[in-house]
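# Understanding the architecture of this molecule
What follows is the residue order along each chain.
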There are 2 protein chains.
Amino acid sequence: MGFWGVTTTVMGTLSAPSTASRRPTLRDVAARAGVSFKTVSRVVNGEPGVSPGVVARVREAADALGYRPNAAATALRRADGRTATIGVLLEDAGNPFFAALLRGIEEVARSRGIAVFASSTDLDPGRERDMTRAYIARQVDALIAAPTEGDFAHLAQAADEGARVVLVDRPATGLDVDVVLTDNRAGSRRGVEHLIAHGHRRIGFVGRDPSIYTSRERFAGYVEALDAAGIPLDMALVRREGATRSSAADHIDNLMSLAEPPTALFTGQDLITMTAAGALQRRRLQDRVAIVGFDDFELADLLQPGVTVIAQDPHAIGRLAAERALGEAASTTTSVVPTRLIERGSGEIRA
Amino acid sequence: MGFWGVTTTVMGTLSAPSTASRRPTLRDVAARAGVSFKTVSRVVNGEPGVSPGVVARVREAADALGYRPNAAATALRRADGRTATIGVLLEDAGNPFFAALLRGIEEVARSRGIAVFASSTDLDPGRERDMTRAYIARQVDALIAAPTEGDFAHLAQAADEGARVVLVDRPATGLDVDVVLTDNRAGSRRGVEHLIAHGHRRIGFVGRDPSIYTSRERFAGYVEALDAAGIPLDMALVRREGATRSSAADHIDNLMSLAEPPTALFTGQDLITMTAAGALQRRRLQDRVAIVGFDDFELADLLQPGVTVIAQDPHAIGRLAAERALGEAASTTTSVVPTRLIERGSGEIRA
DNA sequence: GGCCTGTACGACAACGTTGTCAAGGTCTCA
DNA sequence: TGAGACCTTGACAACGTTGTCGTACAGGCC
């Protein structure tokens, strides 16, 4: 037992690369096929103007030697500077929302032979800047980012360097690039209206920090819905600060301890929703206090009652963003992906 | 409304890269600083033998022009062929287990200035082969893969090309490379022993297809536990085929409809466990049939009863794999990461 | 002053590929 | 049969960087 209780067994000595010979190049293939290396280049790239017999000979030689083109040399030489590589900057690849988004990007990229760099920023602008620079150095063709707040100079620089920049999940003010967003405000409004339709007038809101764009939009939707129904906004029922996880439970406990507690809750993110559902369960209130959450999550239907949510479509966002990033760049667009209300029980509890 | 009900708004015409000038090179910086380009190269790489005054002048010129080294040219020229890039091949970046594993890799990579290519194979060997080739072409320094079954020739080739290969989650027979594994067999045995300790003797097993390594190991642990307790293996209680999700529910329904149904279930993967918990709920059996699942999952503690699991530590696996991939290559090792039993109620229901 | 040593810098080749252009051969048609 | 067009192939420069080597100059010593 060593590090972290991990057992490590030494298996064998690492041999030098089995064939000490370096990796074959165009010249090696050319020598074997008895042609010039430029002809091999043509065959490898499927360019026209090579006789069938020569193509066959070159193919054979390339296969025999296990030739693979050197991407660095290609990137260096190509006139258009394309590297068939894109960079992705997400908040957290471990979060189900971003994980699904990444999968959407990946699918489109793979179908076009594009490799994907991925990294998580954890909302740290410094990390975002460093990773953007690392991707610029590697000449990515496009950069898909869920931007942090603050300074977008590095994203602008990426665009200047010729990378196609596409923002997902949130826009960046003052940057004229493609954006793919969820309709946060309309979704949130829809969810709160759903609660109002079930007779609720004291509806608590628990969301993330207002410094986050999606958090602001979702709160705006909440305000709009109340306003449209003529219900005055009561800031005593609103909680918008602190870290996602630990503080959310405190917020719920706190709201439920009010002299006049809310009869329903609207939660602004999946992790908050889960925590809130847990907190209501602990207080045995899950069948009396209604809850609608933003973001769908695995198992929402297995809780009792099932959790009603406003579902986003992260997979579609990812696909759309990748198609934008890899498609023709005629003009910059903003795409808004709609949400879906999924009724499962918790949102249909009447006041 | 267009594609998928998505609203797309055209925002503006995409301008040509703001400064039509190409990106600055060593030569541009050299011209501005009044030195040779080789001197700039020395300054940029922090090599000794440059006088302080010249260093300052070069730094200033580089900053003024916004110089960033061209990674392709560096990779092409460097003697050791390092690109500060690694490739990661997972089964599915959208699955929480692999997402956490990827985050672990990412953290270690970022701390060392390494960029990470990520992609999902969905257990398709063809996809694994294609992506491996794409990464070889891009000269990754290391390849971290959760290998599919079958042909490992392409992984061997990656190793031949000088890439450090590290396997995670499952080994590949006949490949002498580093491996980082969960102790599947011991974990599974522990889980089944836990059920036996609570008086169960008819314990159902629902797992993934035996073609998957982890599935075989977990079943082996199940068999070992029964064997040690002197309980005969009853294949009528074992279900090991079909797709993860849809078929699992059928398997549970099927097991529970037996003349002598099992009093407890051991499930071999998170998705199966969730489905099984749902199926038991639908049959109102959640408080009568015990269940222990392999893999922890979000919300396992919010279900009623909470779901007892054998938890892996994917984050640790990722970190360990990345450290192996980026560290010194003295010998090949196999690291085994232990599991943890988390009691939450479902596994403590007595027979 | 001549010689040696060490330091600071520059010239140039090379990495493996793509783009440009030219050379040689075959074919067509007057 | 000769001119022109087309097709196939090769020679060579160039991409931006790092590695090797050479050169200029300052300082120390006899």
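What you see is a predicted model; the values in this text were computed from it and never measured. (Residues numbered from 1 in each chain as written. Chains lettered and ligands numbered in written order. Predicted model: local features only at pLDDT ≥ 70, side-chain atom pairs only at ≥ 80, totals over all residues. Heavy atoms only, no water.)

## Re the overall build of chain A
- Within chain A, the regular secondary structure consists of twelve helices and 13 strands.
- For chain A, the C-alpha radius of gyration of 27 Å lies well beyond 20 Å, the compact-globule estimate for 351 residues.
- C-alpha atoms of chain A, sized along the principal axes, occupy 90 × 60 × 35 Å.
- Considering chain A as a whole, with its 351 residues, one finds that 54% of them fall into the buried category.
- Counting contacts in chain A only where the partners sit at least 6 residues apart, residues at least 24 apart contribute 68% of the total.
- Both charge centroids of chain A, one from 41 positive and one from 43 negative side chains, sit 6 Å from each other. (Helix = DSSP H or I, 4+ residues; strand = E, 2+ residues; numbered from the N terminus. Rg over C-alpha atoms; globule rule 2.2 N^0.38 Å. Buried < 20%, exposed > 50% of the residue type's maximum accessible area, 1.4 Å probe, protein only. Contact = heavy atoms within 4.5 Å. Lys, Arg positive; Asp, Glu negative; His and termini not counted. Charge placed at Lys NZ, Arg CZ, Asp CG, Glu CD.)

## Regarding the interface of chain A and chain B
- Taken residue by residue, the interface counts 82 residues in chain A and 81 residues in chain B.
- Here chain A meets chain B over a buried area of about 7000 Å², counting both sides, of which 55% is carbon and sulfur.
- If you look at where chain A meets chain B, you find six salt bridges.
- The partner of R103 of chain A in a salt bridge is D92 of chain B, and the shortest N-O contact between them spans 2.7 Å.
- Looking at side-chain class alone, the side of chain A that touches chain B contains 38 nonpolar, 26 polar and 18 charged residues. (Buried area = accessible area lost by both parts, 1.4 Å probe. Salt bridge = Lys/Arg side-chain N within 4 Å of Asp/Glu carboxyl O. Nonpolar A, V, L, I, M, F, W, Y, C, P; charged D, E, K, R; others polar.)

## Let's talk about the relation of the copies chain A and chain B
- The operation relating chain A to chain B is a screw motion whose rotation component is 180°, with 0.1 Å of axial translation and a residual RMSD of 0.3 Å. Here the copies are linked by what is in effect a two-fold axis.
- Here 99% of the contact residues of chain A are again contact residues in chain B; the copies associate through an equivalent surface. (Least-squares fit on C-alpha atoms with pLDDT ≥ 70 in both.)

## Brief notes about the side chain of S119 of chain A
- Its location among the elements puts S119 of chain A in strand 3 (residues 115-120).
- If we ignore the near neighbours within four places in the chain, the residues touching S119 of chain A are V88, L89, L90, M131 and Y135 of chain A together with E106 of chain B.

## Description of the protein's contact with DNA strand D
- Lining the immediate surroundings of DNA strand D are 27 residues, of which T39, R42 and R77 of chain A together with L26 and Y67 of chain B lie closest.
- A share of 53% of the atoms of DNA strand D within 4 Å of the protein falls on sugar and phosphate groups.
- For DNA strand D, a base nitrogen lies 2.6 Å from a polar atom in the side chain of R77 of chain A.
- Between DNA strand D and K38 of chain B there is a distance of 2.7 Å, counted from a base nitrogen to a side-chain nitrogen or oxygen.
- Contributing elements (two or more residues each) for the surface near DNA strand D: helix 2 (37-44) and helix 4 (71-77) of chain A together with helix 1 (26-33), helix 2 (37-44) and helix 4 (71-77) of chain B.
- Taken together, the residues of the surface near DNA strand D break down into twelve nonpolar, nine polar and six charged. (Near = heavy atom within 4 Å. Polar contact = N/O pair within 3.5 Å; in protein donor to acceptor, adjacent residues only side chain to side chain.)

## Some points on the side chain of N184 of chain A
- With respect to the helices and strands, the residue N184 of chain A is situated in helix 8 (residues 184-197).
- Once residues lying within four places of it in the same chain are set aside, the contact partners of N184 of chain A are D169, Y213, T214, E217, R218 and F294 of chain A.

## Some points on the domain arrangement of chain A
- Looking at the assigned domains, one finds that chain A contains domain 1 (23-59), domain 2 (85-181 + 316-337) and domain 3 (184-313 + 340-348).
- The straight-line distance from the C-alpha centre of domain 1 of chain A to that of domain 3 of chain A is 64 Å. (Domains from an automatic or database assignment.)

## Observations regarding the sheet that holds strand 9 (residues 264-267) of chain B
Residues and elements named next belong to chain B.
- One open sheet holds the six strands; their spatial order is 8-7-9-10-11-13, and the pairing between them is mixed. In this open sheet, the two edge strands, each paired with only one partner strand, are strand 8 (238-239) and strand 13 (340-342).
- Sheet topology note: the strand 11 (residues 308-311)/strand 13 ladder contains three bridges and is antiparallel. Along strand 13, the bridge assignment pairs V309 with I342.
- Those strands touched by helix 9 (residues 213-228) are strand 7 (203-206), strand 8 and strand 10 (290-294), and its axis lies near 170° from that of strand 7. (Pairing = 2+ DSSP bridges. Axes fitted to C-alpha atoms, helices over the stretch in contact; angles between N-to-C directions.)

## What to know about the environment of V309 of chain A
- For V309 of chain A, the location among the structural elements is in strand 11 (residues 308-311).
- If we skip the residues at most four places from it in the chain, V309 of chain A touches V292, G293, D295, D296, F297, R340, L341, I342 and R344 of chain A.

## Topic: the protein's contact with DNA strand C
- Not every one of the 25 residues close to DNA strand C is listed here, only the nearest: L26 and Y67 of chain A together with T39, R42 and S51 of chain B.
- The contact atoms of DNA strand C, taken as those within 4 Å of the protein, divide so that sugar and phosphate hold 54%.
- For DNA strand C, a phosphate oxygen lies 2.6 Å from a polar atom in the backbone of L26 of chain A.
- T74 of chain A has a polar side-chain atom sitting 3.3 Å from a sugar or linking oxygen of DNA strand C.
- Among the secondary structure elements, those contributing two or more residues to the surface near DNA strand C are helix 1 (26-33), helix 2 and helix 4 of chain A together with helix 2 and helix 4 of chain B.
- Of the residues forming the surface near DNA strand C, the biggest block, four residues, is contributed by helix 2 of chain B.

## Considerations on the pairing of strand 9 of chain B
Residue and element names in this part refer to chain B.
- Residues A264 and F266 line one face of strand 9 and the alternating positions L265 and T267 line the opposite face, and both faces are buried.
- In the sheet, strand 7 pairs with strand 9 via four bridges, with the strands oriented parallel. Paired with V206 across the strands is T267, a residue of strand 9.
- Inspection of the sheet shows strand 9 paired to strand 10 by four bridges, in the parallel sense. Paired with L265 across the two strands is I291, which belongs to strand 10.

## Let's talk about the packing of helix 5 (residues 96-111) of chain A against helix 12 (residues 314-326) of chain A
All names here are of chain A.
- The interhelical angle for the contact between helix 5 and helix 12, taken along N-to-C directions, is 40°, at an axis separation of 7 Å. In terms of axis orientation, helix 5 runs oblique to helix 12. In the packing of helix 5 onto helix 12, the handedness of the crossing is right-handed. Residues F97, A100, L101, R103, G104, I105, E107, V108 and A109 of helix 5 form the contact with helix 12, whose participating residues are P314, H315, I317, G318, R319, A322, E323 and L326.
- Residue classes in the contact of helix 5 with helix 12 are distributed as ten nonpolar, three polar and four charged. (Parallel < 35°, antiparallel > 145°, perpendicular 65-115°, else oblique. Left-handed = near helix turned anticlockwise from the far one by under 90°.)

## A word on unusual backbone geometry
Residue and element names in this part refer to chain A.
- Across the junction of Q304 and P305, the peptide omega takes the value 0°, indicating a cis bond.
- The topology assignment puts P305 in the loop between strand 10 (290-294) and strand 11.
- At L123, a residue that is not glycine, the phi angle is positive and equals roughly 65°.
- Relative to the helices and strands, L123 is located in the loop between strand 3 and helix 6 (125-137).
- If you check the backbone angles, Q139 has positive phi at about 55° while not being a glycine.
- Secondary-structure assignment places Q139 in the loop between helix 6 and strand 4 (142-145).
- Its relative accessible area of 16% is what places Q139 among the buried residues.

## Regarding the environment of I86 of chain B
- Here I86 of chain B is to be found in strand 2 (residues 85-90).
- Residues I86 of chain B and R164 of chain B, spaced 78 residues apart in sequence, show a C-alpha to C-alpha distance of 9.2 Å.

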